[in-house]
Amino acid sequence: MSNRLKVTPNDLSAFWMPFTANRQFKQAPRMFVSAKDMHYTTSDGRKVLDGTAGLWCVNAGHCRPKITEAIQHQAAELDYAPAFQMGHPIVFELANRLVDIAPKGMDHVFFTNSGSESVDTALKMAIAYHRVKGEGARTRLIGRERGYHGVNFGGISVGGIVSNRKMFGTLLGGVDHMPHTHLPEKNAFSKGVPEYGAELANELERIVTLHDASTIAAVIVEPVAGSTGVILPPKGYLQKLREICTKHGILLIFDEVITGFGRLGAPFAADYFGVTPDIMTTAKGVSNGVIPMGAVFVKKEIHDAFMTGPEHMIEFFHGYTYSGNPIACAAALGTLDTYKEEGLLTRGEELAPYWEDALHSLKGEPHVIDIRNIGLIGAIELAPIPGSPTKRAFSAFVKAFERGALIRTTGDIIALSPPLIITKGQINELIDHVRDVLRSID
Ligand SMILES: Cc1ncc(COP(=O)(O)O)c(C=O)c1O
């Protein structure tokens, strides 16, 4: 075993881990040291079935040869090129390949390095777009309760997860929120999109009436909210949001950081629901999570509105040192090749019914108060332990890891989102692990 793998608890203090119970982790560390296809291997040599595609990102599975080779080759050929006022061929190739698979009309791509950066890029683009069009009063941003749009200031301002917001001051001004669409009293144990709740989209009309459309730049929603515990849009809800935004000249932003790249069985949620936004934020699956990358897709009208003024002038004062980094681009091209060769962007469609049945077979198991599913996403909501919210789900997570499955929990909800290469046998295995865990926890 190499020195790298001999990590003892005494070595763990320097790293302040993100979104982690640091003290608990460091008492009983959970370490992965390698991965292949659907499995991780732990530092004590156990195989763990990946029920979450890492963090909703490893859609093509782990250590896939096309991606590894592309990265290795690119690192030896052109490691870095300045992102501002310079280019390199594969960033243009990648943008074209992405536009080819994007919903019709989304013709331009702006590169970032994460979902959070994609979100803040999209919000800035929306405000700047109205300004270049002569509507500089349109600065308000509308998000949604329980929305997750990353951790930067724009994202937490439009987001709606209390613990991600309450520690960080007053956030952006001029932000309002629509209600979330989680209605367990009416929709519990729905299979796929729930029946009830489309009328919640009318809350946007109320907000528009309050502030006046002329002050509102954009509405941002996750078509399916993932990080907040898998909340699905009720039938017809997204269509209504689209209609209201169009009617009032408000841009509609879909945050597709988790729904993009095949998660629902279609390339994007916009395709799945037949609703095209004006701007679409992505990250994660664009490069299979292997090298950090994000991509913001934009309609032609929005891009073209910036292309005015003297030609030597920068049109949009925004970008990152690593926007379109060559190695990230190589990883993304290897990822797109893998998706294409294996049909992964639509594979979820054929597996979804099997996935749905397997998930819903957990109905009636201890603690389960709701099950939700769409594409290759699933959520099992547990009754919280009175006075100790989140504890039950966290125990489930730790037990599942010990038994050989990686699951994810937020609040008291278990969220599952396996790599899109999962087999039916592995679906059974994953669900059996969850069943055993539910039967073994208090
Ligand atoms: C919908 C959505 N937006 C934004 C983000 C933030 O992405 P990142 O962690 O890459 O910044 C996430 C991450 O899970 C997400 O689910």
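Residues numbered from 1 in each chain as written. Predicted model: local features only at pLDDT ≥ 70, side-chain atom pairs only at ≥ 80, totals over all residues. Heavy atoms only, no water.

**Comments concerning the overall build of the protein chain**
Next, step 1: A tally of helices and strands in the protein chain yields 16 helices and 15 strands.
Next, step 2: Here the C-alpha atoms of the protein chain give a radius of gyration of 22 Å, agreeing with the 22 Å that 2.2 N^0.38 yields for 442 residues.
Next, step 3: Overall, the C-alpha framework of the protein chain stretches about 65 × 55 × 45 Å when taken along its three principal axes.
Next, step 4: Counting only residues that meet the buried cut, the protein chain has 55% of its 442 residues in that class.
Next, step 5: For the protein chain, the proportion of contacts with a sequence separation of at least 24, taken over those separated by at least 6, is 73%.
Next, step 6: For the protein chain, the exposed surface amounts to about 19,600 Å²; the carbon and sulfur share of it is 55%. (Helix = DSSP H or I, 4+ residues; strand = E, 2+ residues; numbered from the N terminus. Rg over C-alpha atoms; globule rule 2.2 N^0.38 Å. Buried < 20%, exposed > 50% of the residue type's maximum accessible area, 1.4 Å probe, protein only. Contact = heavy atoms within 4.5 Å. Areas by Shrake-Rupley, 256 points an atom, 1.4 Å probe, with all protein chains shown as cover.)

**Some words on the sheet that holds strand S13 (residues 405-406)**
Next, step 1: Judged by pairing direction, the sheet is mixed, and its four strands sit side by side in the order S1-S2-S3-S13 without closing on themselves. Looking at the sheet topology across the chains shown, the edges are occupied by strand S1 (32-36) and S13.
Next, step 2: The pairing of strand S3 (residues 47-50) with S13 spans two bridges and is classified as parallel. Across the sheet, residue Leu 49 finds its bridge partner in S13, namely Ala 405. (Pairing = 2+ DSSP bridges.)

**A look at the packing of helix H15 (residues 391-403) against helix H16 (residues 424-440)**
Next, step 1: Interaxial distance between H15 and H16 falls to 9 Å at its minimum, and their mutual angle equals 125°. Judged on the interaxial angle alone, H16 and H15 are oblique. Seen along the crossing, H15 lies across H16 with a hand that is right-handed. Only His 433, Asp 436, Val 437 and Ser 440 of H16 make contact with H15, whose side of the interface consists of Ala 396, Lys 399, Ala 400 and Arg 403.
Next, step 2: Residue composition of the contact of H15 with H16, by class: three nonpolar, two polar and three charged. (Axes fitted to C-alpha atoms, helices over the stretch in contact; angles between N-to-C directions. Parallel < 35°, antiparallel > 145°, perpendicular 65-115°, else oblique. Left-handed = near helix turned anticlockwise from the far one by under 90°. Nonpolar A, V, L, I, M, F, W, Y, C, P; charged D, E, K, R; others polar.)

**Digging into the sheet that holds strand S15 (residues 413-416)**
Next, step 1: Taken in spatial order, the four strands make up an open sheet running S11-S12-S15-S14, and their pairing is antiparallel. Because the sheet does not close on itself, it has two edges, and the strands there are strand S11 (368-374) and strand S14 (408-410). The average angle at which neighbouring strand axes cross in this sheet is 20°, direction not considered.
Next, step 2: Judged from the four bridges that link them, strand S12 (residues 377-382) and S15 form a sheet pairing that is antiparallel. If you follow Ile 380 over to S15, its bridge partner there is Ile 414.
Next, step 3: Contacts between helix H14 (residues 344-360) and the sheet are confined to S11, S12 and S15, with S11 contributing the most and set at about 175° to the helix.

**Concerning the site of the ligand**
Next, step 1: Taken together, the residues surrounding the ligand are Ser 114, Gly 115, Ser 116, Tyr 148, His 149, Gly 150, Glu 222, Ser 227, Asp 255, Val 257, Ile 258 and Lys 284.
Next, step 2: Between the ligand and the protein, one listed contact pairs an oxygen atom with a side-chain N or O atom of Ser 116 at 2.6 Å.
Next, step 3: Contacts to the ligand include Asp 255, whose side-chain N or O atom sits 2.7 Å from a nitrogen atom.
Next, step 4: Within the complex, the protein chains bury 84% of what would otherwise be the 390 Å² of accessible surface of the ligand. (Near = heavy atom within 4 Å. Polar contact = N/O pair within 3.5 Å; in protein donor to acceptor, adjacent residues only side chain to side chain.)

**What about the packing of aromatic side chains?**
Next, step 1: The final tally for this structure, using the stated rule, is ten aromatic pairs.
Next, step 2: Residues Phe 261 and Phe 268 carry aromatic rings whose centres are separated by 5.1 Å and whose planes lie at 65° to one another, so their mutual orientation is edge-to-face. One exposure class covers both Phe 261 and Phe 268, and it is buried.
Next, step 3: Geometrically, the ring pair formed by Tyr 272 and Phe 273 is edge-to-face, given 4.9 Å between the ring centres and 75° between the ring planes.
Next, step 4: The rings of Phe 261, Phe 268, Phe 297 and Tyr 339 are connected pair by pair, giving a single aromatic cluster.
Next, step 5: Arg 46 extends its terminal NZ or CZ atom over the ring of Phe 401, reaching a point 5.0 Å from the ring centre.
Next, step 6: Across from the ring centre of Phe 189, 4.6 Å away, lies the NZ or CZ of Lys 363, which sits over that ring. (Phe/Tyr/Trp six-rings, centres within 6.5 Å; stacked < 30°, edge-to-face > 60°. Lys NZ or Arg CZ within 6 Å of the ring centre and 35° of its normal.)

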